[in-house]
Amino acid sequence: MGKVKPGPLARRPDNSAFKQQRLPAWSPMLTANTVLPFFYFMALICMLLGVWLLLTVQSTQELKLDYTEAGTCNLCFEKRKNVSNAARPCNCTVVFNIKKAFKGDVFFYYGLINFHQNLRRYMDSRDDAQMVGRKNNLKSPSSYCMPFDKNKNGVPIAPCGAVANSIFNDSFTLSYMASRGSVHVPLLRKGISWYTDKNIKYRNPSTENMTLPQVFEGTAPPLYWQKPVYELDPLDKNNNGFINDDLIVWMREAAFPNFKKLYGVLYRANKPFINGLPAGNYSVDISYNFPVQYFRGRKEVVLTTLTWFGGQNHFLPIAYLVTSCLILLIAILLTVFWFKFGKNGQNMEE
């Protein structure tokens, strides 16, 4: 290879078709005959998609019940204002009516309003290495968990951090008031978390012929928990520890301050719930534990059906319809200008 000659032409690109941009290319001629049909076509497509998605969303059924101070829960709301009553149980009941039967699978959510899980410091306050089952982090939590890494006696907390410490701990029992009396509505409480979370992201420490309480020996529950992590589900020993479904669902932080999280799915094996939730009166018995007055929040129960598109979310259908209207408006304006000034612009002199 020869030496590069110095001078103003030393860095000139090679005289090739690629570097000199002489490759064959298609340069479309944008005329009114090609652009206007494209605009009308895109407006039609967006409108059809918007109407289709809107009809799909409206086919879902949803019921929201704010129970913060509803029914007898107003007594529990006042009781939770005093921190000294935090460990004292408080139960309440809210009665509601379903006018139209919920057909198909019915999902039971709990919702929080004005709870900011998306704050960066809050989201960082956790130890993923501890939650994946590493024993070194079980007794030595990450500094990101401070000040929720150890209790007042210096015992390491498991699970540590502000996210786990603030877990939603209300519980619900749904009942259907049938003609023959009150009927318990069965809810599937397992399998409500993501598969990857349950089987990859969250794992219990290796037991090595020990029980789960023995593995967690030497650790303390979070400050505001009423029981340790290995006793979260007394009915199913395989749903305890870091793989507890309720814990996993809570640990997946919400992006917005108003959110809902899955609590259970209707079990449709027996009558009268084979086809879903029948119309009628219902009651929900609530173990009222989670305080919301400190952040001016609200709590709610959400019953909903789902489609392939998800739940009731009108944002995307409305976005498609608004986009369709804007494109159609632009197309009409371009058409008016084209007719007024002519195809070749011969009327522009006027």
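- In the nomenclature of an unreviewed UniProt entry, the chain is known as Cell cycle control protein of Pagothenia borchgrevinki.

1. Digging into the overall build of the chain
Working step 1: A tally of regular secondary structure across the chain gives ten helices and eleven strands.
Working step 2: Computed over C-alpha atoms, the radius of gyration of the chain comes to 30 Å, more than 25% over the 20 Å expected from 2.2 N^0.38 for 350 residues, which places it beyond the range of a compact globule.
Working step 3: Each of the three principal axes of the chain carries a C-alpha extent, and together these read 85 × 70 × 40 Å.
Working step 4: Counting every position in the chain, which comprises 350 residues, the buried fraction comes to 40%.
Working step 5: Taking the intrachain contacts of the chain between residues at least 6 apart in sequence as the baseline, contacts between residues at least 24 apart amount to 77%.
Working step 6: Looking at the chain as shown, the accessible area adds up to about 21,600 Å², and 59% of this sits on carbon and sulfur atoms.

2. With respect to the state of the cysteines
Working step 1: Taken as a whole and judged by the stated rule, the model has three disulfides.
Working step 2: What pairs with Cys76 in a disulfide is Cys90, and their sulfur atoms sit 2.0 Å apart. Judged by the torsion about the S-S bond (-90°), the Cys76/Cys90 disulfide is left-handed. With a gap of 14 residues between them, Cys76 in helix H2 (residues 73–79) and Cys90 in the loop between H2 and strand S2 (91–98) connect regions that are remote in the sequence.
Working step 3: The exposure class assigned to Cys76 is buried, which follows from its relative accessible area of 1%.
Working step 4: Each bonded cysteine of the chain is numbered by sequence order, and under that numbering the disulfide pairs are 1-4, 2-3, 5-6.
Working step 5: Note on Cys46: no disulfide assigned, nearest cysteine sulfur contributed by Cys325 at a separation of 10 Å.
Working step 6: Looking at Cys325, the relative accessible area reads 48%, which means it is partly exposed.

3. Concerning the pattern of salt bridges
Working step 1: Summed over all chains, the structure comprises 14 salt bridges.
Working step 2: Asp246 is the partner of Arg189 in a salt bridge, and the nearest nitrogen-oxygen pair spans 2.6 Å. Placement of the pair is Arg189 in the loop between strand S7 (187–188) and helix H7 (195–201) and Asp246 in helix H9 (residues 245–251), with a sequence separation of 57 residues.
Working step 3: Overall, the relative accessible area of 25% leaves Asp246 in the partly exposed class.
Working step 4: Here the residues in one salt-bridge network are Asp66, Glu69 and Arg298, joined through shared partners.

4. Structural notes on the environment of Asp149
Working step 1: With respect to the helices, strands and loops of the structure, Asp149 is situated in the loop between helix H5 (135–139) and helix H6 (162–165).
Working step 2: Residues Asp149 and Ala220, spaced 71 residues apart in sequence, show a C-alpha to C-alpha distance of 9.7 Å.
Working step 3: Once residues lying within four places of it in the same chain are set aside, the contact partners of Asp149 are Pro141, Ser142, Val155, Pro156, Ile157 and Cys160.

5. Topic: the UniProt feature "transmembrane region" (unreviewed entry) in the chain
Working step 1: Feature annotation in UniProt places "transmembrane region" (unreviewed entry) on residues 35–55 and 318–339, given in this structure's numbering.
Working step 2: Within the segment residues 35–55, helix and strand shares are 100% and 0% respectively, and the terminal C-alpha atoms sit 30 Å apart.
Working step 3: A helix fraction of 100% and a strand fraction of 0% characterise residues 318–339, whose end C-alpha atoms lie 32 Å from each other.

6. Focus on the sheet that holds strand S8 (residues 259–266)
Working step 1: Overall, antiparallel pairing links the five strands, which are arranged S1-S11-S4-S8-S7 in an open sheet. Edge positions in the open sheet fall to strand S1 (62–66) and S7, since each of these has one partner strand only.

7. Some thoughts on the packing of helix H1 (residues 32–58) against helix H10 (residues 315–341)
Working step 1: Interhelical geometry of H1 versus H10 gives an angle of 160° and a closest axis separation of 8 Å. What the angle tells us is that H1 and H10 run roughly antiparallel. Crossing of H1 against H10: the hand is left-handed.
Working step 2: For the contact of H1 with H10, the residue count by class is 24 nonpolar, five polar and no charged.

8. Here's the deal with the packing of aromatic side chains
By convention here, two paired aromatic rings are described through the distance between centres and the angle between planes.
Working step 1: This structure, assessed with the given rule, holds 25 aromatic pairs.
Working step 2: The lysine or arginine in question, Lys260, covers the ring of Tyr109, its NZ or CZ lying 5.3 Å from the ring centre.
Working step 3: The residue whose ring lies beneath Lys299 is Tyr288, and the NZ or CZ to ring-centre distance is 3.3 Å.

9. Considering H1
Working step 1: For H1, with 27 residues, the first-to-last C-alpha span of 38 Å sits near the 39 Å given by 1.5 Å per residue.
Working step 2: The complete set of buried residues in H1 reads Leu36, Ala43, Cys46, Gly50, Leu53, Thr56 and Val57.
Working step 3: In this structure, the buried residues of H1 make contact with H10.

Parameters and conventions
- Residues numbered from 1 in each chain as written.
- Predicted model: local features only at pLDDT ≥ 70, side-chain atom pairs only at ≥ 80, totals over all residues.
- Heavy atoms only, no water.
- Helix = DSSP H or I, 4+ residues; strand = E, 2+ residues; numbered from the N terminus.
- Rg over C-alpha atoms; globule rule 2.2 N^0.38 Å.
- Buried < 20%, exposed > 50% of the residue type's maximum accessible area, 1.4 Å probe, protein only.
- Contact = heavy atoms within 4.5 Å.
- Areas by Shrake-Rupley, 256 points an atom, 1.4 Å probe, with all protein chains shown as cover.
- Disulfide = S-S within 2.5 Å.
- Salt bridge = Lys/Arg side-chain N within 4 Å of Asp/Glu carboxyl O.
- UniProt positions renumbered as here; feature names shortened; annotations may be inferred.
- Pairing = 2+ DSSP bridges.
- Axes fitted to C-alpha atoms, helices over the stretch in contact; angles between N-to-C directions.
- Parallel < 35°, antiparallel > 145°, perpendicular 65-115°, else oblique.
- Left-handed = near helix turned anticlockwise from the far one by under 90°.
- Nonpolar A, V, L, I, M, F, W, Y, C, P; charged D, E, K, R; others polar.
- Phe/Tyr/Trp six-rings, centres within 6.5 Å; stacked < 30°, edge-to-face > 60°.
- Lys NZ or Arg CZ within 6 Å of the ring centre and 35° of its normal.
- Expected span 1.5 Å × (residues − 1).

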